[in-house]
Amino acid sequence: MLQRRTFSFAAAALAALSSFSTLAADGELRVLVHSSFSLPKPLLAKFEAEAGIKLSLIKAGDAGEMLNKLILTRAQPIADVVFGLDNALVAKAQAAKVLEPIKFAEGSPIAQVGGSVVPVDYGFVTLNFDKASFAKSGLALPKSMDELAQPAYRNLLVVPNPATSSPGYQFLLATIAGMGEEKAFDWWARMRANGVKVVKGWSEAYYTEFSRNGGTRPLVVSYATSPAAEVFYSKEKISESPTANLFLKGGVFRQIEGVALVAGGGQRDAAHLFIRFMRSGAAQEALQTSMWMYPVEAHTPLAEVMKHATEPTAYESLPAETIADKGTAWVARWTQVVLK
């Protein structure tokens with residue numbers, strides 16, 4: 001099934017763009033991606049061979065860093081296409097005029113990023129908990145964000161800093177969207193008094209401070225797919241994840257990522273083929289267990305391990321324009337309330 005889907009995509013794309021065969025001689029397609037971009041090398045190589053494209057993947061750090069690099073280099077673009085801008089960044093990208101408008105109406109995406117970004121995948125930033133740690137302590141899981149700020153849960157949560165981490169930023173946005181701005185910052189002030197630990201990024205939060213990985217904190221800001229990844233990467237074969245999601249109102253943010261044309265970039269035929277590739281059946285299936293996101297194409301089969309990646313029935317969202325307008329001020333206020 002995987003091979004047939006890939007072949008069907010390539011055949012359709014090449015038929016639509018028969019003049020593309022000259023691109024290999026003209027140069028590479030420069031694709032700017034965030035540090036979490038990952039697709040199987042054989043899949044990328046197959047796409048290159050069938051489409052006649054040489055991909056040059058340029059990793060640019062966090063998605064926010066990636067956008068900043070696009071803005072700083074807009075006079076001389078460093079890429080032709082960009083993957084990884086999300087619904088928290090799209091309005092800022094549009095305001096900076098670093099994206100080129102694109103018409104793309106293929107497929108039936110579950111979610112939309114907005115603006116000139118073609119949706120590719122989506123996920124949820126949320127709380128994860130260590131099952132064994134809570135079972136050992138006998139402490140019940142909090143039923144609300146307000147309860148989490150009570151003394152019984154002191155020193156249990158670690159969060160990435162929203163000034164330096166995309167999931168940290170999205171978790172901050174979730175609290176504001178779910179509680180309202182004033183109540184959200186009051187909650188953060190109470191969490192500071194209740195011993196919340198702040199670290200620079202997600203990796204440090206999850207792999208150093210989270211009790212599942214030897215730390216002392218049984219609650220961590222992570223992703224709804226993290227429990228599935230725990231099963232997938234386990235050295236021993238396990239049928240149940242050692243972690244699970246804790247979906248609380250004001251603590252879940254839906255992230256939608258996409259791919260877009262970089263304003264002033266070249267290789268437009270190649271860029272369009274790459275965009276189609278990212279929405280192809282093969283890529284939509286592969287990204288589930290390589291980037292740990294959900295596919296936006298509605299009819300994409302889910303990987304078996306994704307049964308451990310439960311989706312929330314409710315989540316928070318904010319208009320992209322609101323995020324672009326107030327996001328910087330919110331992060332500054334958060335820094336004052338939580339760290340100063």
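These numbers were taken from a predicted model, which means no experiment stands behind them.

Caption draft 1: Representation of the overall build of the protein. Within the protein, the secondary structure is distributed over 14 helices and 11 strands. Taken along the three principal axes of its C-alpha coordinates, the protein extends 65 × 45 × 30 Å. For the protein, with 340 residues in total, the buried portion stands at 54%. Considering only intrachain contacts with a sequence separation of at least 6, the fraction spanning at least 24 residues in the protein is 77%. Total accessible area on the protein is roughly 15,100 Å²; 53% of this is exposed by carbon and sulfur atoms. Here the protein holds 34 positive side-chain charges and 31 negative ones, and the gap between their average locations is 3 Å.

Caption draft 2: Molecular detail of the layout of surface pockets. Its volume calculated, the largest pocket comes out at about 840 Å³. Lining the largest pocket are 32 residues, and of these S36, W202, S203, Y223 and M291 sit closest to its centre. Broken down by class, the residue content of the lining of the largest pocket amounts to 11 nonpolar, 16 polar and five charged. In this structure, the second largest pocket encloses a volume near 480 Å³. Taken together, 22 residues form the lining of the second largest pocket, with G64, L89, K92, P162 and Y169 sitting closest to its centre. Looking at the lining of the second largest pocket, the elements that each hand over two or more residues are α4 (63-72), α8 (166-179) and α14 (320-338). When grouped by side-chain class, the residues that make up the lining of the second largest pocket number 10 nonpolar, eight polar and four charged.

Caption draft 3: Seen up close, the nonpolar core. Counting residues in hydrophobic clusters, the biggest one holds 37 residues, and the most contacted among them are V82, L85, V98 and L99. Looking at this core, the elements with two or more residues in it are α4, β3 (81-86), α5 (90-95), β5 (118-130), α11 (226-233) and β10 (253-262). The greatest single-element share of this core, amounting to five residues, is contributed by α4. Residues within four places of V82 in sequence aside, it is in contact with L32, M66, L70, L99, G258, V259, A260 and V262. Counting 35 residues, the second-largest nonpolar core is a separate cluster that includes V125, V159, W187 and W330.

Caption draft 4: Quick peek at the packing of α8 against α14. Orientation of α8 relative to α14, taken along the N-to-C sense of each, is 100°, at an axis distance of 11 Å. By the angle between their directions, the pair α8 and α14 is classed as roughly perpendicular. The segment α8 lies against α14, with Y169, L172, L173 and I176 engaging I323, G327, W330, V331 and W334. Each residue belonging to the contact of α8 with α14 can be placed in one class, and the counts come to eight nonpolar, one polar and no charged.

Caption draft 5: Quick look at the packing of helix α9 (residues 181-193) against α14. Running from amino to carboxyl end, α9 crosses α14 at an angle of 30°, the nearest separation of the two axes being 9 Å. As for how α9 packs across α14, the hand of that crossing is right-handed. On α14, the residues touching E181, E182, F185, W188, A189 and R192 of α9 are W330, R333, W334, Q336, V337 and V338. Class assignment of the residues belonging to the contact of α9 with α14 gives a composition of seven nonpolar, one polar and four charged.

Caption draft 6: Representation of unusual backbone geometry within the structure. Positioned with a positive phi, N155 is a non-glycine residue whose angle comes to about 65°. When you line up the elements, N155 lands in the loop between α7 (145-148) and β6 (157-160). In the Ramachandran plot, W292 falls in the positive-phi region, its phi being about 55° despite a non-glycine side chain. Inspection of the secondary structure assignment puts W292 in the loop between α13 (281-286) and β11 (294-295).

Caption draft 7: Quick peek at the pattern of salt bridges. Throughout the structure, instances matching the rule amount to 13 salt bridges. Between R333 and E182 there is a salt bridge, with its nearest N and O atoms 2.8 Å apart. Of this pair, R333 sits in helix α14 while E182 sits in helix α9; the two residues are 151 residues apart in sequence, bridging distant segments of the chain. According to the relative accessible area criterion, E182 is exposed, its value standing at 52%.

Caption draft 8: Layout of the packing of aromatic side chains. Evaluation of the coordinates by the stated rule reveals 21 aromatic pairs. Note on F37 and F83: the rings are 5.5 Å apart at their centroids and 65° apart in plane angle, and the pair reads as edge-to-face. Taken together, the residues F37 in the loop between β1 (29-33) and α3 (41-51) and F83 in strand β3 connect sequence positions 46 residues apart. Grouping residues by exposure puts F37 and F83 together as buried. Consider the rings of Y122 and Y294, whose centres lie 5.2 Å apart with planes at 25°: the pair is stacked.

Caption draft 9: Layout of the confidence of the model for the protein. Residues at a pLDDT of 70 or more form 91% of the protein, whose mean pLDDT is 89. Here residues 1-25 is modelled with pLDDT under 50, and outside its nearest four sequence neighbours on either side it reaches 37 contacts, counting other chains as well.

Reading guide: rules and limits
- Residues numbered from 1 in each chain as written.
- Predicted model: local features only at pLDDT ≥ 70, side-chain atom pairs only at ≥ 80, totals over all residues.
- Heavy atoms only, no water.
- Helix = DSSP H or I, 4+ residues; strand = E, 2+ residues; numbered from the N terminus.
- Buried < 20%, exposed > 50% of the residue type's maximum accessible area, 1.4 Å probe, protein only.
- Contact = heavy atoms within 4.5 Å.
- Areas by Shrake-Rupley, 256 points an atom, 1.4 Å probe, with all protein chains shown as cover.
- Lys, Arg positive; Asp, Glu negative; His and termini not counted.
- Charge placed at Lys NZ, Arg CZ, Asp CG, Glu CD.
- 1 Å grid on protein atoms, 1.4 Å probe; cavity = no way out; pocket = protein on both sides within 12 Å on 5 of 7 lines; lining within 4 Å.
- Points joined across faces, edges and corners; volume = space filled by probe spheres on them.
- Nonpolar A, V, L, I, M, F, W, Y, C, P; charged D, E, K, R; others polar.
- Core = buried A, V, L, I, M, F, W, Y, C linked by side-chain atoms within 4.5 Å.
- Axes fitted to C-alpha atoms, helices over the stretch in contact; angles between N-to-C directions.
- Parallel < 35°, antiparallel > 145°, perpendicular 65-115°, else oblique.
- Left-handed = near helix turned anticlockwise from the far one by under 90°.
- Salt bridge = Lys/Arg side-chain N within 4 Å of Asp/Glu carboxyl O.
- Phe/Tyr/Trp six-rings, centres within 6.5 Å; stacked < 30°, edge-to-face > 60°.
- pLDDT = per-residue confidence, 0-100.

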